[in-house]
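Chains, contacts and geometry: an overview
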Amino acid sequence: MTTTDLLSQLTENDSFPERPTRFRVQGIWESRQETVRYELTIDHARQEWTARDLTNGVDSSFRDGTLTTGVERSPSRSYRARVTNTPLQLLFPEHLPVWGRPSRDTDTPIDIEYIGDGHSLVLLKSLQDPALRKTLVVDNRTGLVIRFYDSLAVTVLENFIPF
């Protein structure tokens, strides 16, 4: 499977019949200096999302063409646009800078391995330092990226609850 095929598959809801259209998930982003817990709510049917930072108390959301972060509001063309925090990027994988796209990404996939229990591991290589590796874990039933490991931080999503 090519990088382009993998990204296309992960962003197409039709590729994963078990992917819920509306769900809530808990996430954690952890580095050596900081741990941030999140609650993310996605509603693909209504084209809305909310990212609640449970550690620092900052909420971000997209509703009705408006991106809100804390008290700042700005228009946005799509609910899939301008997704910046890593836990939310896992749910909108086209925003992860790991697909080898010229002038946009820092990494590129080099291997995909089935690791059992319905999950695949995507091994990534840094475009700047070929010795540096990162990994993604994809749930093969839903096509959602549920873990991202790099040399500086770990992001894990868990407790998916469809609603």
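So, here's what we can say about the structure. (Residues numbered from 1 in each chain as written. Predicted model: local features only at pLDDT ≥ 70, side-chain atom pairs only at ≥ 80, totals over all residues. Heavy atoms only, no water.)

1. Digging into the pattern of salt bridges
Scanning all chains against the criterion turns up 10 salt bridges. R63 serves as the salt-bridge partner of E48, at 3.6 Å between the closest nitrogen and oxygen. Highlighted residues: E48 in strand β3 (residues 48-53) and R63 in strand β4 (residues 59-63), separated in sequence by 15 residues. R52 is the partner of D59 in a salt bridge, and the nearest nitrogen-oxygen pair spans 3.3 Å. In this structure D59 comes out as partly exposed when scored by relative accessible area, which is 30%. Owing to a relative accessible area of 34%, R52 belongs among the partly exposed residues under this scheme. Three or more residues joined by partner-sharing salt bridges are found here, namely R24, E39, R52 and D59. (Salt bridge = Lys/Arg side-chain N within 4 Å of Asp/Glu carboxyl O. Helix = DSSP H or I, 4+ residues; strand = E, 2+ residues; numbered from the N terminus. Buried < 20%, exposed > 50% of the residue type's maximum accessible area, 1.4 Å probe, protein only.)

2. Comments concerning the sheet that holds strand β6 (residues 72-75)
Spatial strand order, β6-β5-β4-β3-β2-β1-β11-β10-β9-β8-β7: 11 strands in an open sheet with antiparallel pairing. With partners counted over all chains shown, the strands left at the sheet margins are β6 and β7 (107-116), one partner each. Adjacent strand axes in the sheet meet at a mean angle of 15° when their direction is disregarded. Where strand β9 (residues 133-139) and strand β10 (residues 145-149) come together, four bridges link them in antiparallel fashion. Each bridged residue has a counterpart across the sheet, and for L136 the counterpart in β10 is F148. Its contacts with the sheet place helix α1 (residues 3-11) against β7, β8 (119-126), β9 and β10, and it is angled at close to 65° to β7. (Pairing = 2+ DSSP bridges. Axes fitted to C-alpha atoms, helices over the stretch in contact; angles between N-to-C directions. Contact = heavy atoms within 4.5 Å.)

3. A closer look at empty space enclosed by the protein
Summed over all chains, the structure comprises one cavity of 30 Å³ or more. Lining the largest cavity are 12 residues; nearest its centre among them are L10, R19, R80, L91 and P93. For the lining of the largest cavity, the secondary structure elements donating two or more residues are α1 and α2 (86-91). Residue composition of the lining of the largest cavity, by class: six nonpolar, four polar and two charged. (1 Å grid on protein atoms, 1.4 Å probe; cavity = no way out; pocket = protein on both sides within 12 Å on 5 of 7 lines; lining within 4 Å. Points joined across faces, edges and corners; volume = space filled by probe spheres on them. Nonpolar A, V, L, I, M, F, W, Y, C, P; charged D, E, K, R; others polar.)

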